[in-house]
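Notes for the structure review
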Amino acid sequence: MLKSFRAHLNEPLPVAVAHGAPRVIPRAEHPVSRSDISPNALRVLYRLKEAGFQAFLVGGCVRDLIIGRHPKDFDVATDALPDEVRRLFRNCRLVGRRFRLAHVVYGRDVIEVATFRAASAPPPSEDPVPAREEDEAELLAAEADDDELDDESDDDADDADDADDAADSAAEDARGNALNSAAANAGAASVHRVQDDHGRLLRDNVYGTIDEDVWRRDFTVNALYYNIADFSIWDYVDGLADIHAKRLRLIGDVETRYREDPVRMLRAARFEAKLGFSLDAEGSAPIPQLRQLLAGVPPARLFDETAKLFLGGHGVESFRVLRARGLFGVLFPAAEQYLLQHPGSLVEALLVQGLRNTDSRVAEDKPVTPTFLFALLLYGPIAAAIETLPQQRWHEPQAILEACDRALRDAQQRVSIPRRIALGVREMYALQSRLEGQRGRRSLRLLEQPRFRAAFDLLALRAAIGLAPAEIAQWWNTLQAVSPEEREQMVAAMPQGTAGNAGGGESTGTPRRRRRRRSRSGGG
Ligand code: ATP
Ligand code: MG
């Protein structure tokens, strides 16, 4: 369906708009069709419109519809305040610490509805900055209130009436801000907006109009608004021209915008990788001076960004762009250091091949896991940690685990790795030596291990690169494919101690079977 609109992309574009007023592109002159918008998003837009509010699709979904891609999610922007949105939808909950957003929930499909905002700041879901105590109290109160209205919620909303009052008065305050004059609003802004020493926005609570909302968005291509009232697109920033030119241009003063939110540097890299767009010279220039500011971003947020960069189907390209922009080393200093010290290494080949496999899985709609991703990203640091030990210890399971723990601990300084994932990475590495060594009956039990599949994938990848014996990976591959009877035969037929350790040809300290263990397990 989307393909039929591609024809529009080649048409020449009328250009610049007067600063402050949008260029309104009527339906007949753009390719965004309601048939490509999710029915739930349309439902939300129409309900808001029927209640007398403005309602627009905004951000990546409009951008993606224009270039003929299927949007990952649909975001709605409106002049309705969060509490007003909540009253319109029973299936709605308010979320966000720093800034309230409404989520309208249709099963697994969540439509995010954001009230126009006056200041520049990322959505709170993007930046889990701790809330002030009073924000927290308001949030808890509103959530209790929300539960009461929510059909599917537990019925534990004590004090819901008080909560409703609190939420209402907060909404009234906010409405007051939104409707105030610009000068008064600027005064409110100084109270509600907080920056750190580097200019990073920590809190931002000022509602605004669409004219103001547009300036807080990151890139011009992400700042187009699709108006449900007449199906036109509003373009304040020449975003449409930039989409057609495949150009990423930041809105406003580039350095200020990066300082406010250093993650915008990563978002730029992600959009370059994902969309094949190019960050313009102005946006590229300050990155070398400013990239270290990413060290001040909460590690949990950097984990989210890492997942978006590498698990979204464009991991190989993300890796290339991040390295070219000097951003990979800010996220994963030890991995970057390894790559720099071992140019053209097998570890680099493994990382790229692993990302390529992940991209293929995404393209085929197969599940991908952050555990496998972090196992790839930490391969170099784990190898480096092992290499600090005397060579005779390099293949000891205990040494591998200790190296793994060290690499995980180091990496956590920048990018938080949830415990579940860290444990998974550890198990994957612990299983490498067992997979290479265990060839007797116990092999069958290894197959039942919850992490077997992930560990086998890593083994197969290592084998493909030359970091593990190919025949062992092949043996496990066959073992999984055959019937239980054939498995028994394979295990019985396995001559003792044939598991050769081909080695990697590189002293990367890659996990390998401990020799003593091989002869023991071979007899088991
Ligand atoms: P994706 O295709 O990955 O969903 P997206 O552009 O929709 O890309 P989201 O993270 O979903 O990105 O954010 C939606 C919109 O919110 C963006 O298009 C942009 O307008 C705005 N936005 C998100 N993060 C930021 C940020 N850090 N700074 C400024 N604006 C942001
Ligand atoms: Mg989006």
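It should be emphasised that the depicted structure is a prediction, and the values quoted were computed from it without experimental measurement. (Residues numbered from 1 in each chain as written. Chains lettered and ligands numbered in written order. Predicted model: local features only at pLDDT ≥ 70, side-chain atom pairs only at ≥ 80, totals over all residues. Heavy atoms only, no water.)

Moving on to the overall build of the protein chain. On a plain count of helices and strands, the protein chain comes out with 27 helices and 12 strands. When each of the 524 residues of the protein chain is scored for burial, the buried share is 53%. A total of about 22,800 Å² of accessible surface is found on the protein chain, and carbon and sulfur atoms cover 50% of it. (Helix = DSSP H or I, 4+ residues; strand = E, 2+ residues; numbered from the N terminus. Buried < 20%, exposed > 50% of the residue type's maximum accessible area, 1.4 Å probe, protein only. Areas by Shrake-Rupley, 256 points an atom, 1.4 Å probe, with all protein chains shown as cover.)

This part covers the packing of helix H11 (residues 263-275) against helix H15 (residues 315-324). Where H11 meets H15, the axes come as close as 8 Å, and the angle between the chain directions of the two elements is 135°. Judged by the angle between their axes, H11 and H15 are oblique. In this structure, H11 crosses over H15, and the sense of that crossing is right-handed. Between H11, through Leu266, Ala269, Glu272 and Ala273, and H15, the contact on the second element is made entirely by Glu317, Ser318, Val321 and Leu322. (Axes fitted to C-alpha atoms, helices over the stretch in contact; angles between N-to-C directions. Parallel < 35°, antiparallel > 145°, perpendicular 65-115°, else oblique. Left-handed = near helix turned anticlockwise from the far one by under 90°. Contact = heavy atoms within 4.5 Å.)

Okay, the environment of leucine 275 next. For leucine 275, the location among the structural elements is in helix H11. A relative accessible area of 8% means that leucine 275 is categorised as buried. Considered as a pair, leucine 275 and arginine 247 are 28 residues apart in the sequence and their alpha carbons are 9.9 Å apart. In contact with leucine 275, other than residues within four places in its own chain, are Arg63, Asp64, Ile67, Arg69, Lys246 and Arg270.

Now for the side chain of lysine 274. Counting through the fold element by element, lysine 274 comes out in helix H11. One buried charged residue, lysine 274, forms no salt bridge at all, with the nearest opposite charge on aspartate 64 at 4.4 Å. Those residues within four positions of lysine 274 in sequence are excluded, and the remaining contacts are Arg63, Asp64, Arg69 and His314. (Lys, Arg positive; Asp, Glu negative; His and termini not counted. Salt bridge = Lys/Arg side-chain N within 4 Å of Asp/Glu carboxyl O.)

Looking now at the packing of aromatic side chains. Applying the stated criterion to the full structure yields 13 aromatic pairs. Note on phenylalanine 219 and phenylalanine 271: the rings are 6.0 Å apart at their centroids and 85° apart in plane angle, and the pair reads as edge-to-face. In this pair, phenylalanine 219 sits in the loop between helix H8 (210-213) and strand S9 (224-227) while phenylalanine 271 sits in helix H11, placing the two residues 52 residues apart along the sequence. Owing to a relative accessible area of 0%, phenylalanine 219 belongs among the buried residues under this scheme. Residue classification places phenylalanine 271 among the buried positions, given a relative accessible area of 3%. For the ring pair tyrosine 379 and tyrosine 429, a centre distance of 5.8 Å and an interplane angle of 50° mean the geometry is tilted. Taken as a pair, tyrosine 379 in helix H20 (residues 379-387) and tyrosine 429 in helix H22 (residues 419-437) lie far apart in primary sequence, 50 residues in all. Residue class for tyrosine 379 comes out buried when judged on its relative accessible area of 1%. With a relative accessible area of 1%, tyrosine 429 lands in the buried category. (Phe/Tyr/Trp six-rings, centres within 6.5 Å; stacked < 30°, edge-to-face > 60°.)

Considering the arrangement of structural elements, one finds leucine 248 in strand S11 (residues 247-248). Leucine 248 sits in the buried class, given a relative accessible area of 0%. Sequence separation between leucine 248 and leucine 275 is 27 residues, and the spatial gap between their C-alpha atoms is 9.9 Å.

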